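Structural features, examined
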Amino acid sequence: MSCFRARPETFLVEEIPAYPPSGEGSHTFVWIEKRGLTTPEAVRRLARALQVPDRDVGYAGLKDRHATTRQWLSLPGVDPELALACEVDGLRILEARRHGNKLRTGHLRGNRFEVSVEDLLPGEAAAIEARMSTLVAAGLPNRYGEQRFGSARDNARVGLALLRGTLRERDHRRRRFLLSALQSAVFNRVLELRALDGGLLLTRAGDVLKKTDTGGLFITNDPAADQLRVEAGEVVPTGPMPGGREVEPPPGSAARMMEERAMADLDA
């Protein structure tokens, strides 16, 4: 029977950047490949090797530890040639180019995933293709994984306590991570509610939709018409990241009420 063996060689995650480095500027973008490291640990090791403060290293998003992952990091005041020559345990620097600004969280279009399944039996490849076709039609719930919520699965609860002011966290990176875990929990809950209420890809009044070609966001004014665009792959529904979203569903709309319910469920 086919199986997936959880090894760095069988799971590849590659960042899709929002923009390429320009080739000029005071920051250097480095394209790294890492294995067995979280992004914060990769940042610490690279910062130490190049004598840069951890807090000055930028990244667009966190990547899995138990995988082979590639992503951009930004370093201030580091010569690209020096970065390319740097040797760091657990990661390789594949490319280094200058840019004018620090890389910030969210400066990416998404991530590309590659999963290797081994020991396929006759007929299993066709069955996998059929299941993939079903996912294309019904949608794939792009949930945040368990690692976002910690081994005790309490990161979102701690993030809520930080937001309420009943708990303090001096490490600004950890505080940001815990708050992002709370955002992720809200996002995941909305996915669950969408699946229960007609399906992930059903367009609802007030939905914030994203254009697949340009990444532009807009609020649907005609759910029936935009449903056809969803089915054609021109646009996709989005989910909430409370406190960090460019466009919000209008008050009283079906989409807004679903998001408010998700936040209430987590606050219960």
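Refer to the preceding data block for the structure.
Report on the accompanying structure. Here the residue numbering is sequential within each chain, running from 1 through the sequence in written order. Local features are withheld for residues below a pLDDT of 70 in this predicted model, meaning they are given only at 70 or higher, and side-chain atom pairs are given and counted only at 80 or more; totals for whole chains, interfaces and linings count all residues. Each side-chain value is derived from all of the structure's non-hydrogen atoms; neither hydrogens nor water enter the calculation.

What to know about the overall build of the protein
For the protein, the count of helices and strands is seven helices and nine strands. Computation of the radius of gyration draws on C-alpha atoms alone. For the globule rule, the value is 2.2 Å times the number of residues to the power 0.38. In terms of overall size, the protein behaves like a compact globule, its C-alpha atoms giving a radius of gyration of 20 Å where 268 residues would be expected to give roughly 18 Å. For the protein, the C-alpha atoms occupy an extent of roughly 55 × 55 × 40 Å along the three principal directions. Burial analysis of the protein (268 residues in total) assigns 38% to the buried set. A separation threshold of at least 6 residues defines the contact pool for the protein, and within that pool the share at least 24 residues apart is 73%. Accessible area of the protein: about 15,400 Å², with a carbon and sulfur share of 52%. Here Asp and Glu are counted as negative and Lys and Arg as positive; His is not counted, and neither are the chain ends. For this purpose, a charge sits on NZ of Lys, CZ of Arg, CG of Asp or CD of Glu. Charge separation in the protein, taken as the distance between the mean sites of 39 positive and 37 negative side-chain charges, equals 5 Å. Put simply, DSSP marks the helices as runs of H or I at least four residues long and the strands as runs of E at least two long, and each gets a number from the N terminus on. Exposed residues in this analysis have more than 50% of their type's maximum accessible area, buried residues have under 20%, and partly exposed residues fall in between, with area computed by a 1.4 Å probe over protein chains only. Working rule for contacts: check all heavy atoms of both residues, and any pair within 4.5 Å makes them a contact. Reported accessibility uses the Shrake-Rupley method at a 1.4 Å probe radius. Residues are deemed covered only where the shown protein chains occlude them.

Thoughts on the packing of helix α4 (residues 155-164) against helix α5 (residues 172-196)
Note on method: axes are straight lines fitted to C-alpha atoms, helices fitted across the in-contact stretch only, with angles between N-to-C directions ranging 0 to 180 degrees. For the pair α4 and α5, the least separation of the axes is 7 Å and the interaxial angle reads 110°. Considering the angle they form, α4 stands roughly perpendicular to α5. At the point where α4 passes α5, the crossing takes the left-handed sense. Residues Asn155, Ala156, Val158, Gly159, Leu160, Leu162 and Leu163 of α4 form the contact with α5, whose own contacting residues are Arg175, Phe177, Leu178, Leu179, Ala181, Leu182 and Ala185. Asp, Glu, Lys and Arg are counted as charged, while Ala, Val, Leu, Ile, Met, Phe, Trp, Tyr, Cys and Pro are counted as nonpolar; the rest, among them Gly, fall into the polar class. A per-class count over the contact of α4 with α5 returns eleven nonpolar, two polar and one charged. Just so you know how the angles are binned, under 35 degrees is roughly parallel, over 145 roughly antiparallel, 65 to 115 roughly perpendicular, and the rest oblique. Left-handed describes a crossing whose near helix is turned anticlockwise from the far helix through less than a right angle; right-handed describes the clockwise counterpart.

Some words on the pattern of salt bridges
A pair is scored as a salt bridge if a Lys or Arg side-chain nitrogen falls within 4 Å of a carboxyl oxygen belonging to Asp or Glu. Inspection of every chain in the model, using the stated rule, returns 24 salt bridges. Here arginine 92 ties to glutamate 33 by a salt bridge, and the two come within 3.0 Å at their closest N and O atoms. In this pair, arginine 92 sits in strand β5 (residues 91-99) while glutamate 33 sits in strand β2 (residues 27-35), placing the two residues 59 residues apart along the sequence. Residue class for glutamate 33 comes out buried when judged on its relative accessible area of 11%. Close ionic contact of aspartate 207 with arginine 194 constitutes a salt bridge, the shortest N to O distance being 3.0 Å. Of the two residues, aspartate 207 sits in the loop between α5 and β7 (208-211) while arginine 194 sits in helix α5, which places them 13 residues apart along the sequence. Judged by relative accessible area, aspartate 207 falls into the buried class, the value being 2%. By relative accessible area, arginine 194 is classed as buried at 5%.

Let's talk about the environment of glycine 100
Mapped onto the secondary structure, glycine 100 falls in the loop between β5 and β6 (108-115). The spacing of glycine 100 and serine 253 is 153 residues in sequence and 40 Å in space, taken between C-alpha atoms.

Digging into the sheet that holds strand β9 (residues 235-237)
Within a sheet, neighbouring strands are paired by backbone hydrogen bonds and run either parallel or antiparallel to one another. The strand order across the open sheet built from three strands is β8-β7-β9, with neighbouring strands paired in antiparallel fashion. The sheet is open, and its two edges are formed by β8 (217-219) and β9, each paired on a single side. On average, adjacent strands in this sheet sit at an angle of 35° to one another, irrespective of strand direction. A pair of strands is treated as paired once DSSP finds two or more bridges between them. Judged from the three bridges that link them, β7 and β8 form a sheet pairing that is antiparallel. Of the residues in β8, the one forming a bridge with leucine 209 is phenylalanine 218. Across the sheet, helix α6 (residues 223-231) touches β7, β8 and β9, and the angle it forms with β9 is around 105°.

A short note on empty space enclosed by the protein
Each cavity reported here is a set of points on a 1 Å grid over the protein atoms alone in which a 1.4 Å probe fits but cannot get out, each pocket an open set with protein on both sides within 12 Å along at least five of seven lines, and each lining residue one with an atom within 4 Å of a point. Grid points are joined across faces, edges and corners, and a volume is the space filled by probe spheres set on the points. The tally for this structure, following the rule as stated, stands at two cavities of 30 Å³ or more. In this structure, the largest cavity encloses a volume near 50 Å³. Elements represented by at least two residues in the lining of the largest cavity include exactly α5 and α7 (254-267). When residues in the lining of the largest cavity are grouped by element, the largest group, three residues, is from α7. Quantified by volume, the second largest cavity comes out at close to 40 Å³. When the residues that make up the lining of the second largest cavity are grouped by side-chain class, the tally is six nonpolar, one polar and one charged.

Some remarks on unusual backbone geometry
If you check the backbone angles, glutamine 51 has positive phi at about 60° while not being a glycine. In this fold, glutamine 51 is placed in the loop between α1 (39-50) and β3 (58-59). Of note in this structure, arginine 153 is not a glycine but carries a positive phi near 55°. On the secondary structure map, arginine 153 appears in the loop between α3 (124-138) and α4.

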